[in-house]
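Residues per chain, in single letters:
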Amino acid sequence: MARNEKEESIQIGFRETITLVVPYFQKKIWGQIKAVVWIVLYLALFQLFILRIPIKEAGLIALGISAVVLGLTFFLEGLFLGLMPLGEALGLRLPQKLGIFSIMLFSVFMGVGATLAEPAISILRACGSKVLPWEAPLLYFLLNEGSLYLYLSIAIGVGISVVFGMLRFLFGFSLMRILVPTIFILLGVSIYAYFDENLKFISGLAWDSGAVTTGPVTVPLVVALGIGISKVAEKNEQSSAYGVVTLASLFPVLSVFLVGMYFSNQLPKPMPEETFFKQGITLAQAKLLLGDSHWTSPIKKVSLPKTTSAPELYQKAKEIIFGAVQLAIRAILPLSIFLFLFLAFILREKIPYPEEVFLGIGFSIIGLTIFNFGIIFGLNKLGDQVGGKLPSTFRSIELVDSTKFIPNFNPKSVLKAVNEEGKEEKFFYLKERKSYTGIPFHEENWNRTNKVYEYVPIHGPIFGKEDNLLGYLVVLVFAFFLGYSATLAEPALSALGKTVEETTVGTFRKSLLIQSVAVGVGLGTLLGMLKILLEIPLVWILVPVYLSLLVLNTFSKSEFIDIAWDSAGVTTGPITVPLIIAMGLGIGNQMGTVDGFGILAAASAFPILSVLLMGMMVEKSHKLSLRDSELKEK
């Protein structure tokens, strides 16, 4: 006889709950620490022992990096518990209950929502202050007053790419049918932008935007949706989840270029600083470029030494924390509500495991808040410091962040000395604690009104004379290992490697894929750094690389093509993006380069090349093994 016993609920006390939860989170946090610690150590030791410059605000940076680790732990756990199960459930139900038009409409909204929730996209806003409005007006506008247009264009680009990705899952057509025309269009637009005064400065931003979008929210959510759809799609012969990440990194490039073209004619062209501040732009252009508060022509501000009081610091910290909370809620909540409403009212389905899903969404918001705080004070600051000081290996640089303001300066303390060429130079002695340091005197650094002398220390060149070759080589080697080690730290790559090993039945091993991608990213980062150092236009790097990729595609198996192109997407995660962008802008500012973007774009292109080449070698080796086996059997 069947038993009909009532299921008993298990009561767990607070102490037991803590005993269960703490070891679980300890394991998760340790996993994130292992991912971040090596790249952080690499940067810190390089600055201390190679560049020989102490790390500014080391305590604050350490706190920020701890926040990144804790924030990522909560955020990723929340993603696995909340948004990913929702994505897969929607993917399973959509083809069963809706027509293709509704699926496409849903894909657009979900792509847009997932992109706006990406933690890395907020990093672009932090880059805006490093661009000067007279040097690159369009780039400055898109990163400051026009940042909303930039975000929306990136999000819409991803939304359209999700549509094509879902069509591919539904009908199982080859990735190359979309990829080849898209690449040709992007290269054509990039070449056109190269000849436009304004557009050429947003090429790096446009291509880097593609890399920023394929982060920890978009990739798992879109892939979960795709897996759900491919399980029920009758015409999908490939049952492959690859390809959609590639499209999500390409379509935003085009949409950013299109937005740039729209605003290019409404903004002024690049001009010298003096012209900009002497009625060089119209009032309408000033309002669009600098905001509503600038109804008159911009006036050059003179920087004066200013000390920040404790209440001001408290107020600033409060604003940053409040901003981080707001950013996290705006990113996660609208996307979650949209998915809930769609599941409940359109598909009329219950939420799977609602307690876990709600808990996951709560974790995502907490995690993203802590992560945003950590990005501002941790990875961004560290990357900016190292990037800004890298040129000291081959050139004398000003340490702006070590500027000293000497009050009550008396010009009578200035002395004269003769240099090696027999020319007179002025200097004075500065007493710090018990030592006296000779400081060069420059008339323009002395403010006669407030009697303050502004001293900016000079550092380098470390490895010889100005512009020495060894210094350049040190920077390039640093860039290679930065790209290589940051890639190994990305958790998504390990997951991709495992999937690839399973789907290729061990032919393409996980370790081989990870090493191929890491070497590719390292080479791409090196070339991106060379682009900034020598001011090489990005189009000169991307056009030959992407044309080579299209040629290699014709000699590769479709299976390896999909893996290779998706490898580029997973390499640019929450660790790599803030570090490389901040470093690129830091070194670009120090070198006087207007556009410090583009390193991510190069770092994303080369892994495709390395994985395609490795795939061809693996395939050749596999064929030789089969032939040897056949010969032995005969």
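All of these numbers come straight from a predicted model, not from anything done at the bench.

On the surface, Trp30, Ile33, Val37, Trp38, Leu41, Leu45, Leu48 and Phe49 cluster together into a nonpolar patch covering about 820 Å² of accessible area. Along the chain, Leu45 falls in helix 1 (residues 14-50). Residue class for Leu45 comes out partly exposed when judged on its relative accessible area of 42%.

Direction of pairing for strand 3 (residues 415-418) relative to strand 4 (residues 424-432): antiparallel, over a ladder of 4 bridges. For Val418, the partnering residue across the bridge sits in strand 4 and is Glu424. The turn joining strand 3 and strand 4, which pair antiparallel and follow one another in sequence, is formed by 5 residues; a positive phi near 85 degrees is taken by Gly422. Strand direction decides the pairing type here: strand 4 and strand 5 (residues 435-440), joined by 6 bridges, are antiparallel. Bridge assignment links Tyr429 to a residue of strand 5, and that residue is Gly438. Between strand 4 and strand 5, which pair antiparallel one after the other, the connecting turn spans 2 residues, and Arg433 there sits at a positive phi close to 55 degrees.

This part is about the sheet that holds strand 6 (residues 446-447). The strands that make up a sheet are held in pairs by hydrogen bonds between backbone atoms, and each pair lies either parallel or antiparallel. Strand order in this open sheet of 3 strands is 2-7-6, and the pairing throughout is antiparallel. Looking at which strands have only one partner, the edges of the open sheet turn out to be strand 2 (404-406) and strand 6. Note that strand 6 and strand 7 (residues 452-455) share 2 bridges and pair antiparallel. Opposite Asn447, over in strand 7, you have Val452 as the bridge partner.

Leu124, Met166, Trp207, Leu390, Met529, Leu533 and Tyr546 are the most contacted members of the largest nonpolar core, which totals 169 residues. Per-element accounting of this core gives the leading share, 12 residues, to helix 2 (residues 58-97). Those residues within four positions of Leu124 in sequence are excluded, and the remaining contacts are Leu143, Leu150, Tyr151, Ile154, Leu205, Ile581 and Phe597. The next biggest cluster of nonpolar side chains, apart from the first, holds 10 residues, and it includes Ile406, Phe409, Val414 and Phe441.

Reading guide: rules and limits
Residues numbered from 1 in each chain as written. Predicted model: local features only at pLDDT ≥ 70, side-chain atom pairs only at ≥ 80, totals over all residues. Heavy atoms only, no water. Patch = residues over 30% accessible without salt bridge, like charges linked within 9 Å, V, L, I, M, F, W, Y side chains within 5 Å. Areas by Shrake-Rupley, 256 points an atom, 1.4 Å probe, with all protein chains shown as cover. Salt bridge = Lys/Arg side-chain N within 4 Å of Asp/Glu carboxyl O. Helix = DSSP H or I, 4+ residues; strand = E, 2+ residues; numbered from the N terminus. Buried < 20%, exposed > 50% of the residue type's maximum accessible area, 1.4 Å probe, protein only. Pairing = 2+ DSSP bridges. Core = buried A, V, L, I, M, F, W, Y, C linked by side-chain atoms within 4.5 Å. Contact = heavy atoms within 4.5 Å.

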